[in-house]
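Single-letter residue listing:
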Amino acid sequence: MKFIVSILLTALLSFVSGLYLPWWGIALAAFLVAVVVPLRHGISFIAGFAGVFLLWGGLAWWIDTANNSILSQKIAQVLPLGGSVVALILVTAFVGALVAGFAALAGSYVRKAVVEVEE
Amino acid sequence: MKVVPFIVSLVITIALIVCLDRQWGTVPPIGRFVSPQYGFWQNAESVDENFNASLIFPELHDKSTVYFDGRLVPHVFAENETDVYFIQGYLHAKFRLWQMEFQVMASAGRLSEVVGDKTINYDRRKRRLGMGYAAEKALQEMENDSTTKAECDAYTAGVNAYISNMKESELPIEYKLLNYKPEKWTNLKTAFFLKYMSLELAGGENDFEYTNAKNIFGLKDFELLYPSSQDSVDPIIPKGYVYPKPGVNIVTPSTVDSLYLAKTDSTDIVPANPDPANGSNNWAVGGKKTKSGRPILCNDPHLGLNLPSIWFEMQLTTPSMNVYGATFPGAPGVIIGFNDSCAFGVTNAERDVADFYEMKFKDETMKEYWFNGEWKTTDFRYDTIRVKGKPDVIDTIAYTVFGPVMYDRKFSENAAPKNKYYAFRWKAHDASNELKCFNGLDHAKNYYDYLNSIKNMHTPGQNFVFASKSGDIAIWDQGEFPAKWKHQGDFIMPGTDSSYMWQAMIPQDENPHIMNPERGFVSSANQFPADPAAYPYYLGGNYPPYRGFIINRFLNQMSSITAEDMMKLQTENFNVFAEMARPILIKYMNDSLLEEDEQRYFDTLKTWNLRNDVDEKGATIFEVTWDCLAKAIFSDELTKTKLPMVYPYESTLLEALLKDSSYKFVDNINTDKKETLRDDVTAAFKTAVITLRKADADGRLRWGKYKDTKVSHLVPTLTAFSRQHLPIGGGTNCINAAKQTHGPSWRMIVELTDSTNAYGVYPGGQSGNPGSPYYDSFVDTWAAGKYFPLWVMGQGDVEDKRVKSKMVFGK
């Protein structure tokens, strides 16, 4: 349950960060969620990764659908992906997810430290 | 706390962000670039995007409204002229910002700032041509005129209003890919854009190559290879016109035979010339020849085919103006178009207004040069070229009385011999205000307004065609052209005194022109403006004759003309050059030497219908064969030395062979045998068949496939943003002058009936965004030779179904 909440919270906070912060606001979002929601380190990484993977992948897919893939087909040639729109969406999602995953991992260690101090 | 894993994961996170936020070589900052909230995904415009908006800017004086039709053409309704140009600037920026700035960067020699050190030489060339010097002088002239200044100020403010209010996510995709940001627009940038067009259209010259040719062949043979007259000339002003005595007298220098026309020094310099095919067609037919009884005006300027297109279609309406047509993103006003009274269009005048002078400097510091018997002090301009990721490059450019010293050893990579310096005299260096010309045309009510407007066009010289609802048609070969003595500026001139300078400009009223001629039409297609035997000034020889010839033949035959007839004519693929040249290939082919498949290709050539239609194989066979024939005839002479040379025009070869089959250059000077035209034609055909067989095997023998027309993005490596393999016929000598990367950049037909009946199309789309459905939405229509009706929207049409979105501007 906490795992799911963590994923959704990461996605939501990341989206909000995109309205105010540069693109790397997703790292802050994932970091904060990992500090707040208690999960094991490995699980925190996966939750941060998954949260942004779903957000970026979902946003890209949604934009692409409205655009009839006019742009993605071109970009999937500029970035050497053989014109594959699916690959482009996956790369997009993966890049964001990787940053968020490591940020969440760092956050989980901070949480542990805070908990230890309180104890 | 586990400090080590914390620090490791934190460092990895930060390192990832840093790496993904910076550019690696040509790879953009990947994190920022793929972010769906900032990067390229934000440029993927919804296919049902509407452009409705309500915008407030303190610079505006009144409320204005812009209505977009289904092709995204903005119809701007403003209460005054400053508002209309502000909105034009805003809309150019909204749809074409990257292109506007990139073109100016190219013009100013600043591309290295954006793409790095591979364009340093390109940039230095622009600096050394004096582009900055020319743009600054033009700006001064523009700002001295209160109307032009107000127009430019409003336009600049409009562009900047868009830039200031743009979010990072809205940056055009090219900025995201190349990782830089737009600067503020200035009036100087508009001046730079206009100089970019001057360079494209009036920056061509062959002085170095012609000097080499004269030195090697001697003047007599030079004149055979590069003549300044043509047998088939059908000039813009028809033959038989009597020109008045010249108003200015120019003196040929007394030393011309010994210092200029005799053998001089050759050089290895290879100038980078604009595409010599930058040409165009235009014509206007009078009411006597049309079905409606009203004039019809047509124009199709031929330029490099690019995306985003050089043109942007607009209607600009104020209480004092209602003009529709093609605009230049980068400059205010409509350039080719029509208003409620008249229509106007241009073709390039092709005059040589770019000359080189050989300078004598005291020493290599270039501080003093010899001129009129004394040492004169050089002016220096220090140009700093910023280079992305590398230190600045500072180029020191010497300025003389003629202009900048373009070539010396520092720039020509040692192609300029030691202690040789070549200064560039270019008409575009002289102050002038061309925007005043277009502002005047946009407001013109009649022939006299047109005439007064075009007088402001100094460079690039253009053939301005005109037609009015009152029934007048006219054409002027307009520009400020130097009056030259014969061969002046064909070769590098001595720069040690004033005797070889341009002595005077041709008085404006002596520019070739004609109004309401007997034959009922006026036309131009870059041919000789006047019969060189009758016009009192030297015109040079840089004029392709064939498009003009065939346009005039068709127009002479036509009557009761409609707009549809004009569409057919503008997209006509008949190859008149082949009509004249094929008989030579047939007559002098030695069939008995042809192998079986060669005979088959020859039969296809013989039965070809002389049309450069997409599916014709004969057009390909003809083109390849003629190229091989020209090489067979000239290459032995032209490759005798390693010096840069240019091939003679195809009209020169054709006219020579039509006159005399034992033309002097037919013999191959590298063999003992004396070759005949029959030997050359047969050998050329056999060489051609090697290319043809290969094309045939690849399925590319049909003309459309062989020619393979494409419209490329302005960054040539971005092929994904280009449109390739377009099925379109035509070619160099067809009215439909669509070549591989060059061709009709805006086709327009205007019938001047009470309610204007106009059509147009260009190979692009209104949006410069590759992620928009409007990016290339006209390309297929253009390739198919079809047109869109141009809708002149009225104040009462706001409820019309053609209006798709509405943008309201207020203060």
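Structure's up top.
Presented here is an overview of the structure given in this document. (Residues numbered from 1 in each chain as written. Chains lettered and ligands numbered in written order. Predicted model: local features only at pLDDT ≥ 70, side-chain atom pairs only at ≥ 80, totals over all residues.)

Some points on the overall build of chain A
Here is the rule: The helix count covers DSSP runs of H or I at least four residues long, the strand count covers runs of E at least two residues long, and both are numbered beginning at the N terminus. Counting other C-beta atoms within 10 Å of its own, a residue is labelled buried from 20 upward, exposed at 12 or fewer, and partly exposed in the gap between, with every C-beta atom placed from the backbone. Two residues form a contact once the distance between their C-beta atoms, set from the backbone, is within 7 Å.
A count of helices and strands for chain A gives 5 helices and 0 strands. Along its sequence from the N terminus, chain A presents helices and strands in the succession α-α-α-α-α. Its C-alpha atoms put chain A at 55 × 25 × 25 Å along the principal axes. The 119 residues of chain A split such that 55% are buried. Counted over contacts in chain A with a minimum sequence separation of 6, partners at least 24 positions apart contribute 70%.

Concerning the overall build of chain B
Selection criterion: Here the globule rule reads 2.2 Å times residues to the power 0.38, and the radius of gyration is calculated from C-alpha atoms.
Tallying secondary structure elements over chain B gives 22 helices and 29 strands in all. In terms of overall size, chain B behaves like a compact globule, its C-alpha atoms giving a radius of gyration of 28 Å where 811 residues would be expected to give roughly 28 Å. On the principal axes, the C-alpha backbone points of chain B span a range of 90 × 70 × 65 Å. Counting every position in chain B, which comprises 811 residues, the buried fraction comes to 54%.

Structural notes on helix α3 (residues 81-108) of chain B
Residues and elements named next belong to chain B. Keep this limit in mind: Here the expected length of a helix is defined as 1.5 Å per residue gap, with one fewer gap than residues.
Given a rise of 1.5 Å per residue, 28 residues ought to cover 40 Å, yet the end C-alpha atoms of α3 are separated by just 29 Å, more than 12% below that figure. Extensive coverage of α3 is indicated by the burial of 28 of its 28 residues. Positioned one or two residues after α3, Gly 109 has a phi angle of 70°, which is positive.

Digging into the sheet that holds strand β1 (residues 53-56) of chain B
All names here are of chain B. This is how the line gets drawn: The pairing criterion for strands is at least two bridges between them, as found by DSSP. Axis lines are fitted through C-alpha atoms, for helices just across the contact stretch, and the angle between N-to-C directions can take any value from 0 to 180 degrees.
Read from one edge of the open sheet, 11 strands run β1-β29-β2-β3-β7-β8-β9-β10-β18-β19-β21, paired in mixed fashion. Each of the sheet's edge strands pairs with one partner strand only, and the pair in question is β1 and β21 (513-515). Averaged over all pairs of adjacent strands, the angle between strand axes in this sheet comes to 15°, irrespective of strand direction. The pairing of strand β18 (residues 462-468) with strand β19 (residues 473-478) spans 6 bridges and is antiparallel. Bridge assignment links Asn 463 to a residue of β19, and that residue is Asp 477. Where α3 meets the sheet, its contacts fall on β2 (64-69), β3 (74-77), β7 (312-318), β8 (321-327) and β29 (803-810), and the angle it forms with β7 comes to roughly 160°.

A few points about the environment of Leu 105 of chain A
One can find Leu 105 of chain A in helix α5 (residues 85-118). Given 26 C-beta atoms within a 10 Å radius, Leu 105 of chain A is considered buried. Separated by 42 residues in the primary sequence, Leu 105 of chain A and Ile 63 of chain A have C-alpha atoms spaced 30 Å apart. Excluding residues that lie within four positions of it along the chain, Leu 105 of chain A makes contacts with His 41, Ser 44 and Phe 45 of chain A together with Ser 9 of chain B.

A look at the pairing of β7 of chain B
All names here are of chain B. With respect to burial, β7 is a largely interior element, 6 of its 7 residues being buried. As defined by bridge partners, β7 adjoins β8 across 7 bridges and the pair is classed as antiparallel. When the bridges of β8 are listed, Gln 315 appears paired with Tyr 324. In textbook terms, the turn of a hairpin is the stretch between consecutive antiparallel strands, and for β7 and β8 this stretch comprises 2 residues.

A look at the packing of α3 of chain B against helix α7 (residues 146-165) of chain B
Residue and element names in this part refer to chain B. This is how it is decided: Note on angle classes: values under 35 degrees are labelled roughly parallel, values over 145 roughly antiparallel, values of 65 to 115 roughly perpendicular, and the remainder oblique. We call a crossing left-handed when the near helix sits turned anticlockwise from the far one by less than a right angle, and right-handed when that turn is clockwise.
One can describe the packing of α3 onto α7 by two numbers: an axis separation of 7 Å at closest approach and a directional angle of 40°. With respect to α7, the element α3 is oriented oblique. In this structure, the crossing between α3 and α7 has a hand that is right-handed. Contacts between α3 and α7 pair Thr 82, Tyr 85, Phe 86, Ile 87, Gln 88, Gly 89, Tyr 90, His 92, Ala 93, Lys 94 and Leu 97 from the former with Ala 150, Glu 151, Ala 154, Tyr 155, Thr 156, Ala 157, Gly 158, Val 159, Ala 161, Tyr 162 and Ile 163 from the latter.

As for helix α6 (residues 131-144) of chain B
All names here are of chain B. With 14 residues, α6 should reach 20 Å at 1.5 Å per residue; the first-to-last C-alpha distance of 20 Å fits that figure. Among the residues of α6, those classed as buried are Met 131, Gly 132, Tyr 133, Ala 134, Ala 135, Ala 138, Leu 139 and Met 142. Of the surrounding elements, those touching the buried residues of α6 are α3, α5 (120-128), α7, α9 (187-202), β14 (379-387) and α12 (434-443).

Thoughts on the packing of α6 of chain B against α9 of chain B
Residue and element names in this part refer to chain B. Using the following cut-off: When residue character is reported, Ala, Val, Leu, Ile, Met, Phe, Trp, Tyr, Cys and Pro are called nonpolar, Asp, Glu, Lys and Arg charged, and the others, Gly included, polar.
Between α6 and α9, the least distance of the axes is 8 Å, while the angle of their chain directions is 120°. Taken as axis vectors, α6 and α9 run oblique relative to one another. When the axes of α6 and α9 are compared, the crossing they make is right-handed. Contacts between α6 and α9 involve Met 131, Ala 134, Ala 135, Ala 138, Leu 139, Met 142 and Glu 143 from the first element and Asn 187, Leu 188, Ala 191, Phe 192, Leu 194 and Lys 195 from the second. Classifying every residue of the contact of α6 with α9 by side-chain character gives 10 nonpolar, 1 polar and 2 charged.

A few points about the sheet that holds strand β11 (residues 354-359) of chain B
Whether parallel or antiparallel, the strands of a sheet pair through hydrogen bonds between backbone atoms. All names here are of chain B. Taken in spatial order, the 4 strands of this open sheet run β16-β17-β11-β20, and their pairing is mixed. Looking at strand neighbours, the two that pair on one side only are β16 (405-407) and β20 (493-494), the edges of this open sheet. Two strands pair when backbone bridges link them, and β16 and strand β17 (residues 421-426) are joined in this way by 2 bridges, in the antiparallel orientation. Bridging from a neighbouring strand, Val 405 pairs with Ala 423 of β17.

What about the interface of chain A and chain B?
On the chain B side, the residues contacting the 34 residues of chain A number 33 residues. Mapped by element, the contributors of at least two residues to the side of chain A that touches chain B are α3 (41-66), α4 (70-78) and α5 of chain A. For the side of chain A that touches chain B, the element with the most residues is α5 of chain A, which contributes 15 residues.

Thoughts on the pairing of β2 of chain B
All names here are of chain B. In terms of burial, β2 is largely enclosed, as 5 of its 6 residues are buried. As paired elements, β2 and β29 share 6 bridges and run antiparallel to each other. Each bridged residue has a counterpart across the sheet, and for Tyr 67 the counterpart in β29 is Lys 806. Adjacent in sequence and paired antiparallel, β2 and β3 are bridged by 4 residues, among which Leu 72 carries a positive phi angle near 65°.

Let's talk about the nonpolar core
All names here are of chain B. To keep things clear, this is the line we draw: A set of buried residues drawn from Ala, Val, Leu, Ile, Met, Phe, Trp, Tyr and Cys, joined through C-beta atoms within 7 Å, is what defines a nonpolar core.
Within the largest apolar cluster, 216 residues are counted, with the highest numbers of intra-cluster contacts made by Ala 284, Tyr 422 and Phe 466. A total of 16 residues in this core trace back to one element, the largest contributor, which is α3. The contacts of Phe 466, once residues within four sequence positions are left out, are Ala 284, Cys 342, Phe 344, Tyr 447, Tyr 450, Ile 473, Ala 474 and Ile 475.

Quick look at unusual backbone geometry
All names here are of chain B. Cis geometry marks the peptide bond from Leu 307 to Pro 308; its omega dihedral reads -10°. You can see Pro 308 is positioned in the loop between β6 (306-307) and β7. Between Thr 459 and the following residue, Pro 460, the backbone shows a cis peptide bond with an omega angle of -5°. Structurally, the position occupied by Pro 460 is in the loop between α13 (447-454) and β18. We note that Leu 72 has phi near 65°; this positive angle belongs to a residue other than glycine. Positive phi outside glycine occurs at Asn 372, with the angle close to 50°. Relative to the helices and strands, Asn 372 is located in the loop between β12 (368-371) and β13 (374-377). When the 10 C-beta atoms within 10 Å are taken as the criterion, Asn 372 is described as exposed.

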